[in-house]
Amino acid sequence: MRVPGQDGTGLVIVGCGGHGREIAQLVAAVNEAAGRLIWRPVGFVDDAPSEVNRKRAEGTGLPYLGTLAALADLPPQTHLTLALGDPRIRRTVAARVEGFGLPVASLVHPDATVGADLVCAEGLVVFAGARITTNVTAGRHLHVNQNATLAHDCVVGDHVSLHPLAAVSGDCRLDTAALIGAGAVVLPGLRVGAGATVGAGACVVREVPPETVVKGVPAR
């Protein structure tokens, strides 16, 4: 998988909450592992950051650039990444930022493992310790958080999130904006419908209908 930005391309982080700061750390790890500037972080944009999140974001050494409207003032070669942990919010914001015409980065932490045969659209974000194995196909803006696993032959829609330590078994299907909570397990061959949420620590043993929330062991 080719990752753009080999010449130190500017990168703006959309969202200055905790997820945004984690992505800032991911970018720093990518640059450090390469021994050179792969991505050049420009700063954060966020329509309504809390004062606490704004101060914490600026504590990373990166400035708060303003609302999403600030994207219009960036050079056209500047890439962006959506640092929004909630898949539904990420989907909404993705539709908004498309109008600015900026390319979208894909970011993989050097301590993650991604199969060479992954087929994935733009906006992939893979955090430290995550594992994506073989013959996985994914849509736009997939986020695989720390130590989560996405196993063989899965088909994943746009804006899906795997929270830390989530484990998705082989031959599963995760539809658009599905969320797999921290420590949750999806057993082989199952489908999680669009907009569905699998609660933290749940074990999915049957198909999850769209726009539902399941939790527990087994998940209901």
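Figured I'd write up the structure that's included with this text. Here the structure is a predicted model, which is why all the values come from computation and not from measurement. (Residues numbered from 1 in each chain as written. Predicted model: local features only at pLDDT ≥ 70, side-chain atom pairs only at ≥ 80, totals over all residues. Heavy atoms only, no water.)

Considering the environment of R90
Tracing the chain through its elements places R90 in helix 3 (residues 87-97). A C-alpha to C-alpha distance of 21 Å links R90 and P209, two positions 119 residues apart in sequence. (Helix = DSSP H or I, 4+ residues; strand = E, 2+ residues; numbered from the N terminus.)

Regarding helix 3
Turning to helix 3, its buried residues number three or more, namely P87, R90, V93, A94 and V97. On an axial view of helix 3, the arc spanned by its buried residues comes to 125°, and they lie on one face. Away from the buried face of helix 3 by more than 90 degrees, exposed residues T92 and A95 are located. Residues of helix 3 that are buried in the fold lie against strand 1 (9-14), strand 4 (79-82), strand 11 (143-144), strand 14 (161-162) and strand 17 (179-180). (Buried < 20%, exposed > 50% of the residue type's maximum accessible area, 1.4 Å probe, protein only. Arc of directions from axis to C-beta. Contact = heavy atoms within 4.5 Å.)

With respect to helix 1 (residues 18-34)
Its 17 residues give helix 1 an end-to-end C-alpha distance of 25 Å, which sits within 8% of 24 Å, the value for a rise of 1.5 Å per residue. Those residues of helix 1 lying buried are H19, G20, R21, I23, A24, L26, V27, A29, V30 and N31. Two residues or fewer after helix 1 comes G35, characterised by a positive phi angle close to 75°. (Expected span 1.5 Å × (residues − 1).)

Topic: the sheet that holds strand 7 (residues 119-120)
With parallel pairing, 5 strands are arranged side by side in an open sheet as 7-10-13-16-19. The outermost strands of the open sheet, each flanked by one partner alone, are strand 7 and strand 19 (191-192). By the bridge criterion, 2 bridges tie strand 7 to strand 10 (residues 137-138) in an arrangement that is parallel. Following the sheet pairing, V119 is matched in strand 10 by T137. (Pairing = 2+ DSSP bridges.)

Comments concerning the pattern of salt bridges
Under the definition given, this model contains 7 salt bridges. The salt bridge partner of D47 is R96, with a shortest N-O separation of 2.7 Å. Separated by 49 residues along the polypeptide, D47 in the loop between strand 2 (39-45) and helix 2 (51-58) and R96 in helix 3 bring together distant segments of the chain. E122 is paired through a salt bridge with R140; the nearest N and O atoms lie 3.0 Å apart. (Salt bridge = Lys/Arg side-chain N within 4 Å of Asp/Glu carboxyl O.)

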